[in-house]
Amino acid sequence: MSHELHERVARSGEGPLSLRILGIDPGIERTGYGVVELAAAGAGPRLVEAGVIRTRAADGLPARLAEIRAALAAVISEFRPDAAAVEELYSHYAHPRTAILMGHARGAALVAAAEAGVPLVSYASTRIKKSLVGSGHASKQQVQRAVQSFFGLRETPYPPDVADALAVALCHAHQAGRMAIAR
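Residues numbered from 1 in each chain as written. Predicted model: local features only at pLDDT ≥ 70, side-chain atom pairs only at ≥ 80, totals over all residues. Heavy atoms only, no water.

## Some points on the overall build of the protein chain
Move 1: Assigned secondary structure in the protein chain consists of five helices and six strands.
Move 2: Along the chain direction, N to C, the helices and strands of the protein chain fall in the order β-β-β-β-α-β-α-β-α-α-α.
Move 3: Among the 183 residues that make up the protein chain, the fraction classed as buried is 45%.
Move 4: Of the contacts formed within the protein chain by residues at least 6 apart in sequence, a portion of 63% connects residues at least 24 apart.
Move 5: A total accessible area of about 9000 Å² is found for the protein chain, and carbon and sulfur atoms account for 53% of it. (Helix = DSSP H or I, 4+ residues; strand = E, 2+ residues; numbered from the N terminus. Buried < 20%, exposed > 50% of the residue type's maximum accessible area, 1.4 Å probe, protein only. Contact = heavy atoms within 4.5 Å. Areas by Shrake-Rupley, 256 points an atom, 1.4 Å probe, with all protein chains shown as cover.)

Shown next as structure tokens:
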């Protein structure tokens, strides 16, 4: 592949860990990912890495899916998550093609996790939003601001796929009973 596999958005230093979670927001054009770490002492999650995998439409669907799988495999290899979480597939009658393409990207993410032996859990978008913002119908901007606030970031994560991936990881941490999210 001639272009960069993924674009890094944020990264912090290494430290002791007890649980690492990879959150994935699948998409054909952009797949967001975020790695958070939960300390054994019960401290809140720490942002380890977040970014976006971009593909080019000119490459065709099979090549784009292979690129997403390869880039996620590289993220998994580098950060060695204990678990992964991904948004469940949803469909809106007005945009069935979007749901189909998201399903393809989601499949590439599932394969990358399975090949690495990383357990993967799926969450509905409404459950993710509710666990982070308190409303299952929160806007993308609300999710971005909640992630920004939660990690004390200077700016909202951009593109929104990065915030969505971090929200998925935080949802899994919350659902696993490892943390409480203050609203």
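Additional details are given in the paragraphs that follow.
## So, unusual backbone geometry
Move 1: The residue after Y158, namely P159, is reached through a cis peptide bond having omega 0°.
Move 2: Located in the positive-phi region is R80, a residue other than glycine, with phi close to 45°.
Move 3: Judged by its relative accessible area of 64%, R80 is exposed.

## Overview of the pattern of salt bridges
Move 1: Per the counting criterion, the structure on display carries seven salt bridges.
Move 2: E37 is the partner of R20 in a salt bridge, and the nearest nitrogen-oxygen pair spans 2.8 Å. With a gap of 17 residues between them, R20 in strand β2 (residues 19–25) and E37 in strand β3 (residues 30–38) connect regions that are remote in the sequence.
Move 3: Looking at R20, the relative accessible area reads 5%, which means it is buried.
Move 4: D59 serves as the salt-bridge partner of R56, at 3.0 Å between the closest nitrogen and oxygen.
Move 5: For D59, a relative accessible area of 26% gives the class partly exposed.
Move 6: Salt bridges here are not isolated pairs; linked through shared partners, they connect R20, E37 and R46. (Salt bridge = Lys/Arg side-chain N within 4 Å of Asp/Glu carboxyl O.)

## Remarks on the packing of aromatic side chains
Move 1: Within this structure, the stated rule accounts for one aromatic pair.
Move 2: Aromatic side chains F150 and F151 sit 5.3 Å apart centroid to centroid with 80° between the ring planes, which places their arrangement in the edge-to-face category.
Move 3: On the accessibility criterion, F151 (15% relative accessible area) is buried. (Phe/Tyr/Trp six-rings, centres within 6.5 Å; stacked < 30°, edge-to-face > 60°.)

That is the geometry; function is a separate question.
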